[in-house]
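Here are the chains, one letter per residue:
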Amino acid sequence: SMSVKLMGVPGKKLMDEEKFTQDFITTSGGPTFVTPNTRENAKLQYWSLVDMTLYYFLNPKDSHLLDMAMNALWNETKYNPFGDRYWSCTPYLLGEGQAVMYSFVPKTKDLYRKIPGLPFGKVPFNYLRENMIKTLNEKDVEFDLMIQLQTDPHLMPIEDSSVRWSEKLSPFIPVATVHIPKQHF
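Residues numbered from 1 in each chain as written. Predicted model: local features only at pLDDT ≥ 70, side-chain atom pairs only at ≥ 80, totals over all residues. Heavy atoms only, no water.

Asks: What's the story with the pattern of salt bridges in this structure? I'm lost.
Replies: Any two side chains of opposite charge can pair, on the condition that their charged atoms come close. Counting across every chain of the model gives nine salt bridges. Here Glu18 makes a salt bridge to Lys5, at a shortest N to O gap of 2.8 Å. Of this pair, Glu18 sits in the loop between strand 1 (2–7) and strand 2 (21–26) while Lys5 sits in strand 1, and the two are 13 residues apart along the sequence. We classify Glu18 as partly exposed; its relative accessible area is 24%. Owing to a relative accessible area of 42%, Lys5 belongs among the partly exposed residues under this scheme. Note that Asp62 and Lys43 form a salt bridge whose closest N and O atoms lie 2.8 Å from each other. One end of the pair, Asp62, is in the loop between helix 2 (53–58) and helix 3 (65–73); the other, Lys43, is in helix 1 (residues 38–49), and 19 residues separate them in sequence. Each of Lys5, Glu18 and Asp23 takes part in one network of salt bridges that share partners. (Salt bridge = Lys/Arg side-chain N within 4 Å of Asp/Glu carboxyl O. Helix = DSSP H or I, 4+ residues; strand = E, 2+ residues; numbered from the N terminus. Buried < 20%, exposed > 50% of the residue type's maximum accessible area, 1.4 Å probe, protein only.)

This is the structure:
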């Protein structure tokens, strides 16, 4: 996951302590959410808690095979968190009456991508963290913050987060750059 907190943002907020902030929360799991709505997500969380996550997808009385297939398409080996694209997965309000999805797209090339132990050894638990450290020891990292405006409420629904919005109907537009300077941590 990747999150960004902007400070000094005017406008009404639900919580007083977040009065002048805006949070962008994303995941690298793909452009859509694994479940279409909160009710289905509660079911998935229940089956996950009892260690039967697969049952949510394969339940003969309430199967979610398409959701499982769509998410499997986005499943890939992660090499370096700075090389992944991150997605909001759900739409957000951008001003009055305008829904938007957003995404952070990596701009930095030649990132540290080694996974120790592959293909035959044991992969260290924290190799992603180590690859981030090695990358930032060598260079700055940047992401483009991209937004996708809702242009068709039927084909780009806000109530079903399992639907991918068409980039033909509304291509992503770059609106900002996130710059992470070279550093030691």
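There is more to say after this.
Asks: Before we go on, may I ask you to explain the nonpolar core in this structure?
Replies: Most often, soluble globular proteins keep nonpolar side chains buried together rather than apart. Formed by 15 residues in total, the largest nonpolar core has its most connected members in Met2, Phe82, Tyr102, Phe104 and Phe143. Of all elements in the fold, only strand 1, strand 5 (99–106) and strand 6 (141–149) reach the threshold of two or more residues within this core. Examining the composition of this core, we find that four residues originate from one element, strand 6, more than from any other. Discounting chain neighbours no more than four positions away, the residues touching Phe82 are Pro106, Leu111, Met132, Thr135, Leu136, Val141, Phe143 and Ile180. (Core = buried A, V, L, I, M, F, W, Y, C linked by side-chain atoms within 4.5 Å. Contact = heavy atoms within 4.5 Å.)

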